[in-house]
Amino acid sequence: MWIIGGIASQSLSIWFLRQGNAGHQNKRLWLAAGLLLFVISIWLISIGLGFELGLTWALTTISVAAYALILFPFFLTKQVGHERVPARLKKMPTPPSGSKLRLALRLFSAGPLYLVAALGLSLLVATKPWAIEITRLFTGGLLTPLFWSAGALHATVDPNLWRVAYMPALITAASGMGYLLL
C-alpha cells in the first residue's frame, strides 16, 4: 500500500513539475510542490521497502511514472506529426556558430569524455560503503546514463568552449581523487 501511494505521489509530482514548467502563474509554487511530492514519494516507498531499497526503487519508478505521463497523450491523439505542435514551438533555435573543429570538440566532449566522467562518478557511488553492495551497484549503474546525459547536454549548450573542454577532465579527476581518498 505504501508503494502504491509513493507511485501516485510521484505521478502527482511530475504533473506539478510540468505545470510549473508550462508557464502558469506561481511557477515557483508549482515547482516547490512538485519537489515536495517527490520527497514524500521517496518517504512512502522507503516505509514500504526499507530505506536503501526504497530509495533505489523510488529513483527507478519516478522515470517510469514520467514516461507514462509524457506518453499518455500520444496514445489518445488522432493527429501525429508536425501539425500537432503549437505554432509558438515551431520556431527553430538559431544554430551555434563555429567551425567544424569546434563542433568536433563539442561532440568529442559530449561522447567519450563525458562518458568517462560519468563512469568515474558512478564508480564512486557504486564502490563506497554507504549501503549494501547490491544497492550500491544498482544505484551506480542507474546513475551512469543520468550523469552522461547531463554532461552531453552541457557540452552541446554551453557557449564557452573552454568549459566544454576542461569540465569532463575535471570531473574525472575529482571522482578519481574521491575514490582514492574516501
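The present account deals with the structure reproduced in this document. One numbering rule holds for all chains: residues counted from 1, following each sequence as written. Where local features are concerned, this predicted model is filtered to residues with pLDDT of at least 70; where side-chain atom pairs are given and counted, the filter is 80 or more; whole-chain, interface and lining totals use all residues. As a rule here, side-chain values come from all non-hydrogen atoms in the structure, and water together with hydrogens is ignored.

### Looking at the overall build of the protein chain
Point 1. The helix count covers DSSP runs of H or I at least four residues long, the strand count covers runs of E at least two residues long, and both are numbered beginning at the N terminus. Along its length, the protein chain carries 6 helices and 0 strands.
Point 2. Ordered by position from the N terminus, the helices and strands of the protein chain form the series α-α-α-α-α-α.
Point 3. Three labels apply to residues, based on accessible area from a 1.4 Å probe with only protein chains included: buried if under 20% of the type maximum, exposed if over 50%, partly exposed otherwise in between. For the protein chain, with 182 residues in total, the buried portion stands at 27%.
Point 4. Residue contacts are defined here by distance: any two heavy atoms, one from each residue, within 4.5 Å place the two residues in contact. Residue pairs in contact within the protein chain that sit at least 24 positions apart in sequence constitute 65% of those at least 6 positions apart.
Point 5. Only the protein chains shown count as cover for residues, and all accessible areas are computed by the Shrake-Rupley method using a 1.4 Å probe. Of the roughly 12500 Å² of accessible surface on the protein chain, a fraction of 75% belongs to carbon and sulfur atoms.

### What about a nonpolar patch on the surface?
Point 1. Patch criteria: residues need more than 30% relative accessible area and no salt bridge. Like-charged residues are merged within 9 Å; nonpolar side chains of Val, Leu, Ile, Met, Phe, Trp and Tyr are merged within 5 Å. Salt bridge, as used here: a side-chain nitrogen of Lys or Arg that lies within 4 Å of a carboxyl oxygen of Asp or Glu. There is a patch of nonpolar side chains on the surface, built from Trp2, Ile3, Ile7, Leu36, Ile40, Trp43, Ile47, Leu49, Leu53 and Trp57 and spanning about 900 Å² of accessible area.
Point 2. Contributing elements (two or more residues each) for the nonpolar patch: helix 1 (2-21), helix 2 (27-49) and helix 3 (51-76).
Point 3. Ranked by the residues each element gives to the nonpolar patch, the list is headed by helix 2, at 5 residues.
Point 4. Among the structural elements, Ile7 can be located in helix 1.

### Concerning the packing of aromatic side chains
Point 1. To pair, rings of Phe, Tyr and Trp, with the six-membered ring standing in for Trp, must have centres within 6.5 Å; the planes then decide the type, stacked if under 30 degrees apart, edge-to-face if over 60, and tilted in the middle. Inspection of every chain in the model, using the stated rule, returns 5 aromatic pairs.
Point 2. An angle of 75° between the planes, with centres 6.4 Å apart, marks the rings of Trp2 and Trp43 as edge-to-face. You can see Trp2 sitting in helix 1 and its partner Trp43 sitting in helix 2, a full 41 residues away along the chain.
Point 3. Overall, Trp2 belongs to the partly exposed group, its relative accessible area being 44%.
Point 4. For the pair Trp15 and Trp30, a centre-to-centre distance of 5.7 Å together with 75° between the ring planes defines the contact as edge-to-face. Here Trp15, found in helix 1, pairs with Trp30, found in helix 2; they are 15 residues apart in sequence, far enough to count as distant.
Point 5. On the basis of relative accessible area, Trp15 is assigned to the partly exposed category, the value being 41%.

### Remarks on unusual backbone geometry
Point 1. At Asn26, a position not held by glycine, the phi torsion is positive, near 55°.
Point 2. One can find Asn26 in the loop between helix 1 and helix 2.
Point 3. The class of Asn26 is exposed, set by a relative accessible area of 52%.

### So, the pattern of salt bridges
Point 1. For the coordinates displayed, the defined rule picks out 1 salt bridge.
Point 2. Among the ionic pairs, Asp158 bridges to Arg163, the shortest N-O distance being 2.7 Å.

### Looking at the environment of Gly120
Point 1. Within the fold, Gly120 resides in helix 4 (residues 100-127).
Point 2. When the C-alpha atoms of Gly120 and Gly178 are compared, they prove to be 9.6 Å apart, with 58 residues separating the residues in sequence.

### Describing helix 2
Point 1. A helix is expected to span 1.5 Å for every residue after the first. Taking 1.5 Å of rise per residue, 23 residues should cover 33 Å, and helix 2 covers 33 Å from first to last C-alpha, within 8% of that figure.
Point 2. All of the buried residues along helix 2 are Gly34, Leu37, Phe38, Ser41, Ile42, Leu44, Ile45 and Ser46.
Point 3. In the segment just after helix 2, Gly50 is the residue with positive phi, at about 95°.

### Concerning the side chain of Ser122
Point 1. Structurally, Ser122 is set in helix 4.
Point 2. Taking the relative accessible area as the measure of exposure, Ser122 reaches 4% and is therefore buried.
Point 3. Here a polar contact is taken to be a pair of N or O atoms separated by no more than 3.5 Å, where protein atoms must pair a possible hydrogen donor with a possible acceptor and residues adjacent in sequence count only if both atoms sit in side chains. Here the side chain of Ser122 touches Thr144 through a polar contact of 2.8 Å, side chain to side chain.

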